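# Structural characterization, general
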Amino acid sequence: MHIDVITIFPDYLAPLDLSLSGKAQGAGVLEVTVHDLRQWTRNRHRTVDDTPYGGGAGMVMRPEPWGEALDALVPLGGSSPPTMLVPTPTGRPLTQSLAEELAQVTRLLIACGRYEGIDARVVEHARSRMPVLEVSIGDYVVTGGEVAALVIIEAVVRLLPGFMGNPGSLDEESHGTGEGQGLLEYPTYTKPVTWRGLDVPAVLLSGHHAQVTRWRREQSLRRTARVRPDLLATYDVASLDPRDREVLAEEGWPGS
Ligand code: ADE
């Protein structure tokens, strides 16, 4: 996958050279190119923002540098344009299933806005050239699209084929689409067996695979009921067995 990121703060994307995405770049699974939007400004002070029409607080990113950036990176009539992502709190929520969709794409272009956002005509114009998706990383506001771009990239890159060491770990994780789908992941433990007076649950040391699986499922159900009851509200209730229902009843889950 190739990812172009356009930003006025290229250094913000430096963490991409570390961790997961750094490994992916090393393995040739991912290439990231970060572009400074100001290279496409034509005014002496290289300003990229201006006051909003209609009044109101804050500044809006002017469309011209974005237009030039798109002309440079996605030439008109070029073959196989990227999918453009615009991080914004008004976008479609980033979910695991959206990350999975994005992991199928061979080229992404992420346009990081600052201030009160980008002149709305930029997205409208970009749609005439490529698929464009406005994406929100959650119901809160961060200061710019860069941190959201990092989140999106991390979520997508770890799903790229040939990247994760142990693809099985994708199945059971919270928000995964495999076993335990729709539930939060169970708690995990490693050595030592006793640490600061706290023991690893005995069932995990028993070697009894079926009991371990059962225990983990109960932990997932309890955790989800306590922390994310909204996930249970859309859970496939038909897949709950009698013991699942008992566990959820113990947690006071009304649908059980
Ligand atoms: N920019 C500011 N807040 C954001 C959010 N929640 N998601 C994506 N981009 C953003």
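Residues numbered from 1 in each chain as written. Predicted model: local features only at pLDDT ≥ 70, side-chain atom pairs only at ≥ 80, totals over all residues. Heavy atoms only, no water.

## As for the site of the ligand
Worth spelling out the cut-off: The criterion for a residue being near a molecule or strand is simple. One of its heavy atoms has to lie within 4 Å of it. What qualifies as a polar contact is a pair of N or O atoms within 3.5 Å, subject to a donor-acceptor requirement within protein and to the restriction that residues adjacent in sequence count only when both atoms come from side chains. Segments assigned H or I by DSSP are reported as helices when at least four residues long, segments assigned E as strands when at least two residues long, and all are numbered from the N terminus.
Taken together, Pro 87, Thr 88, Pro 89, Val 135, Ser 136, Ile 137, Gly 138, Tyr 140, Val 141, Val 142, Gly 144 and Ala 148 form the complete shell of residues around the ligand. At 3.1 Å from a nitrogen atom of the ligand is found a main-chain nitrogen or oxygen belonging to Thr 88. Separating a nitrogen atom of the ligand from a backbone N or O atom of Tyr 140 is a distance of 2.7 Å. Of all the elements in the fold, those that place two or more residues in the shell around the ligand are strand E5 (83-93) and strand E7 (132-136). If one sorts the elements of the shell around the ligand by residue count, E5 sits on top with 3 residues.

## As for the pattern of salt bridges
Worth spelling out the cut-off: The term salt bridge refers to a side-chain nitrogen of Lys or Arg lying within 4 Å of a carboxyl oxygen of Asp or Glu. Burial classification: accessible surface area is computed with a 1.4 Å probe over protein chains only, and a residue below 20% of its type maximum counts as buried, one above 50% as exposed, and the rest as partly exposed.
Taken as a whole and assessed by the stated rule, the structure comprises 22 salt bridges. A salt bridge links Asp 71 to Arg 129, with the shortest nitrogen-to-oxygen separation between them at 2.9 Å. Residue Asp 71 is found in helix H2 (residues 63-73), and its partner Arg 129 is found in the loop between helix H4 (121-126) and E7; the two are separated by 58 residues along the sequence. Classification of Arg 129 as buried rests on a relative accessible area of 13%. Among the ionic pairs, Asp 244 bridges to Arg 214, the shortest N-O distance being 2.6 Å. One end of the pair, Asp 244, is in helix H9 (residues 242-250); the other, Arg 214, is in helix H7 (residues 209-227), and 30 residues separate them in sequence. The exposure class assigned to Asp 244 is buried, which follows from its relative accessible area of 0%. According to the relative accessible area criterion, Arg 214 is partly exposed, its value standing at 24%. It is possible to trace a salt-bridge network through shared partners that takes in Arg 214, Arg 217, Glu 218, Arg 222, Arg 226, Asp 241, Arg 243, Asp 244, Glu 246, Glu 250 and Glu 251.

## Focus on the environment of Val 147
Threshold: Contact definition: two residues touch when any of their heavy atoms are within 4.5 Å.
Tracing the sequence through the fold places Val 147 in helix H5 (residues 145-157). Overall, the relative accessible area of 29% leaves Val 147 in the partly exposed class. With 35 residues separating them along the chain, Val 147 and Cys 112 place their C-alpha atoms 8.9 Å apart. For Val 147, the residues in contact, after removing those within four places along its chain, are Tyr 12 and Val 142.

## Some words on the nonpolar core
Selection criterion: By nonpolar core is meant a set of buried Ala, Val, Leu, Ile, Met, Phe, Trp, Tyr and Cys residues that side-chain atoms within 4.5 Å join together.
Formed by 31 residues in total, the largest nonpolar core has its most connected members in Ile 3, Leu 85, Leu 102 and Val 157. Among the secondary structure elements, those contributing two or more residues to this core are strand E1 (2-7), helix H3 (96-102), strand E6 (107-111), E7 and H5. Within the second largest apolar cluster, 20 residues are counted, among which are Val 48, Leu 70, Val 122 and Ala 126.

## A word on the side chain of Arg 114
Considering the arrangement of structural elements, one finds Arg 114 in the loop between E6 and H4. The class for Arg 114 is buried, based on a relative accessible area of 11%. When neighbours within four sequence positions are excluded, Arg 114 is seen to be in contact with Ile 8, Phe 9, Tyr 12, Met 61, Thr 143, Gly 144 and Glu 146.

## Focus on the environment of Thr 7
Checked against the element boundaries, Thr 7 lands in strand E1. Here Thr 7 falls in the buried class, since its relative accessible area comes to 0%. Measuring from C-alpha to C-alpha, the distance between Thr 7 and Arg 38 comes to 8.3 Å, with 31 residues separating the pair along the chain. Excluding its chain neighbours within four sequence positions, the residues that come into contact with Thr 7 are Leu 13, Val 34, His 35, Asp 36, Leu 37, Cys 112 and Glu 146. Side-chain polar atoms of Thr 7 contact the backbone nitrogen of Phe 9, separated by 2.7 Å.

## Topic: the environment of Asp 119
Within the secondary structure, Asp 119 is located in the loop between E6 and H4. Counting along the chain gives 58 residues from Asp 119 to Met 61, while the straight-line C-alpha distance between them is 5.8 Å. Sequence-distant contacts of Asp 119, defined by excluding residues within four places in its chain, comprise Val 60, Met 61 and Pro 63. Of note is the side chain of Asp 119, whose polar atom sits 2.7 Å from the side chain of Arg 121.

## Remarks on the pairing of E5
This is how it is decided: Only when DSSP finds a minimum of two bridges between them are two strands counted as paired.
Pairing of E5 with E6, which is carried by 3 bridges, proceeds in the parallel orientation. Directly across from Leu 85, in E6, lies its bridge partner Ile 110. Note: E5 against E7, 6 bridges, orientation parallel. Considered in E7, the bridge of Arg 92 is made with Val 135.

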